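Each chain, letter by letter, is given below.
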Amino acid sequence: MTVAQPDALNFDCETGNYHTFCPISCVAWLYQKIEDSFFLVIGTKTCGYFLQNAMGVMIFAEPRYAMAELEEGDISAQLNDYEELKRLCLQIKRDRNPSVIVWIGTCTTEIIKMDLEGLAPKLEAEIGIPIVVARANGLDYAFTQGEDTVLAAMAARCPSKVDNEAEKAERNAIQRLLSFGRKQEEVAQESSEYVDHPPLVLFGSLPDPVVTQLTLELKKQGIKVSGWLPAKRYTELPILEEGYYVCGVNPFLSRTATALMRRRKCKLIGAPFPIGPDGTRAWIEKICSVFGVEPQGLADREQQIWASLEDYLKLIRGKSIFFMGDNLLEVSLARFLIRCGMTCPEIGIPYMDKRYQGAELALLEQTCQEMGVPLPRIVEKPDNYNQIQRIYELQPDLVITGMAHANPLEARGINTKWSVEFTFAQIHGFTNARDILELVTRPLRRNLALKDLGWDKLVKEEARV
Ligand code: SF4
């Protein structure tokens, strides 16, 4: 019997009963990225316990984050929210003197309707430090979307008009870094190599080496990156004027994209995300096409990267992968892995913005057609219980999942990869494609090495009473 393959992507939505990190976890990478920031999470011990455990060894490194733990008196409004927060923020100012304090609203502040957005401007004026409010709570968002709420709030803080060219240059930290140690004339000569195009600002928090790599990739095409949101320091947030072009590097930044378009009147370049050599090439090509630039040497570059990945590709070609879904990187990773020769029956994802991810979805569809594999089913707000039943039926070669299910599945003979590592590893750009495959193939390599021991299933099939 032949089963007709659907020719368009199939979207489903389940119950939202799934495991993921709380979005307040974004403080873990954002305080490291924005060096002069301090993150204050206003919540309960529940939030504190989560952060303390999820951040692992980082909590011993005097992180620039803290919990403002709400007490009974705060919840019953016997204490004055404003005075309490003022006391804490003054202490932070005295001890750490940051350039910005980011308040992270939590489930509790939502439920008791603490007016953080209203309190912040007053307190900001009183203590003289900018206070940015992001409601990154578990009621509304999942994991990486926490960064999205923080960046959307920061987009409002980017300066809009800077008259003097010197300050403009000063704010463009990445260009300063690229021309570090060069003479004035050399820099001037180099800037003439850029094509004349409207300013471009990229958004998404990436480790500094990846920021430099992507900036240099665009530079090779003559495209100048005027700034990144976020920058290394809060005081270096990029200038955003009406009509600037913006482009995202991560699939979970849809609110930031909306804030940039609606509030800052920027033009969004909707491109696939620079994950995997295919995604990176498509991302650069899309930016080039918007600025009317003919991309140079990209096909060769992509080919070289694929050739260098062959040892890993051999391991995964023809294998199937199942994404349970918890960090919103799933569609981009699946698209890359299908291009690597894998099949993917299901992509679970916490939230799907079909407009912001439009170009990525189109590339996924095109990739499946070109590789001759069935289109995956995309399950928004998945139900982990149902997914486990489907995993039993499908018996995929690899399941990308959270820590809650990883060991139980392994014990039942199903290979798993812990999904959170994809958020912390460097996965963007041409050169980091290897790192993605290193992660994906690790469980396969390990289980291959241990296969002869005959211990692949450690749970009794049926419990006998
Ligand atoms: S889900 Fe809500 S209560 Fe739980 S850690 Fe996150 S913000 Fe705190």
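Our structure is the block above this text.
Attention here is on the structure that accompanies the text.

Conventions used here
Every chain's residues receive numbers from 1 upward, in the order its sequence appears when written. With the structure being a predicted model, the display of local features is reserved for residues of pLDDT at least 70 and the display and counting of side-chain atom pairs for 80 or more, all residues being used for whole-chain, interface and lining totals. With hydrogens and water excluded, all non-hydrogen atoms of the structure serve as input to the side-chain values. Secondary structure is summarised from DSSP: a helix means a run of H or I of at least four residues, a strand means a run of E of at least two, and numbering begins at the N terminus for each. Note on classification: 1.4 Å probe, protein chains only; a residue is buried when its accessible area is under 20% of the maximum for its type, exposed when over 50%, partly exposed between these limits. Calculation of accessible area relied on Shrake-Rupley with a 1.4 Å probe; when residues are assessed, cover is drawn exclusively from the protein chains displayed. Neither His nor the chain ends contribute to the count of charged residues, in which Lys and Arg are positive and Asp and Glu negative. To locate a charge, the coordinates of NZ of Lys, CZ of Arg, CG of Asp or CD of Glu are taken. Two strands pair if DSSP finds at least two bridges between them. The angle between two axes is taken between their N-to-C directions and runs from 0 to 180 degrees, where each axis is a line fitted to C-alpha atoms and a helix contributes only its stretch in contact. We call two residues in contact when some of their heavy atoms are within 4.5 Å. Counted as a polar contact is a pair of N or O atoms within 3.5 Å, where, for protein atoms, one must be capable of donating a hydrogen and the other of accepting one, and residues adjacent in sequence contribute only when both atoms are in side chains.

**Concerning the overall build of the chain**
- Scanning the chain from terminus to terminus reveals 21 helices and 14 strands.
- Over its C-alpha atoms, taken along the principal directions, the chain stretches across nearly 70 × 65 × 40 Å.
- Split into buried and exposed, the 465 residues of the chain put 53% on the buried side.
- Split by element, the accessible area of the chain, about 21,800 Å² in all, is 51% carbon and sulfur.
- The positive charge centre, built from 52 side chains, and the negative charge centre, built from 62, are 1 Å apart in the chain.

**A few points about the pairing of strand S4 (residues 100-105)**
- Of all six residues making up S4, six are buried, and the element is well covered by its neighbours.
- Side-chain alternation along S4 places Val100, Val102 and Ile104 on one buried face and Ile101, Trp103 and Gly105 on a second face that is also buried.
- Summarising the sheet, strand S2 (residues 37-43) and S4 pair through six bridges and their orientation is parallel. Considered in S4, the bridge of Ser37 is made with Val100.
- With five bridges joining them, S4 and strand S5 (residues 131-135) adopt parallel strand pairing. Within the sheet, the bridge partner assigned to Ile104 lies in S5 and is Ala134.

**Comments concerning the sheet that holds strand S11 (residues 343-349)**
- One open sheet accounts for six strands, arranged S1-S12-S11-S10-S13-S14; its pairing is parallel. The open sheet has two edge strands, strand S1 (10-13) and strand S14 (416-418), and neither has a second partner. Adjacent strand axes in the sheet meet at a mean angle of 20 degrees, parallel and antiparallel pairs treated alike.
- Summarising the sheet, S1 and strand S12 (residues 377-380) pair through four bridges and their orientation is parallel. Following the sheet pairing, Phe11 is matched in S12 by Ile378.

**Considerations on the environment of His197**
- Checked against the element boundaries, His197 lands in the loop between helix H10 (184-191) and strand S6 (200-203).
- The buried category is assigned to His197, whose relative accessible area is 14%.
- C-alpha of His197 to C-alpha of Thr20: the two residues are 177 residues apart in sequence and 41 Å apart in space.
- Apart from residues lying up to four places away in sequence, His197 is in contact with Gly222, Ile223, Lys224 and Phe291.
- There is a polar contact of 2.9 Å between the side chain of His197 and the backbone nitrogen of Lys224.

**Quick notes on unusual backbone geometry**
- The peptide bond linking Leu229 to Pro230 adopts the cis configuration, its omega dihedral lying at 0 degrees.
- When you line up the elements, Pro230 lands in the loop between strand S7 (225-229) and strand S8 (245-248).
- Phi at Lys265 takes a positive value of approximately 55 degrees, unusual for a residue other than glycine.
- Among the secondary structure elements, Lys265 is positioned in the loop between helix H12 (254-262) and strand S9 (267-268).
- For Lys265, a relative accessible area of 45% puts it in the partly exposed group.
- The phi dihedral of Lys381 falls on the positive side, at around 45 degrees, and the residue is not glycine.

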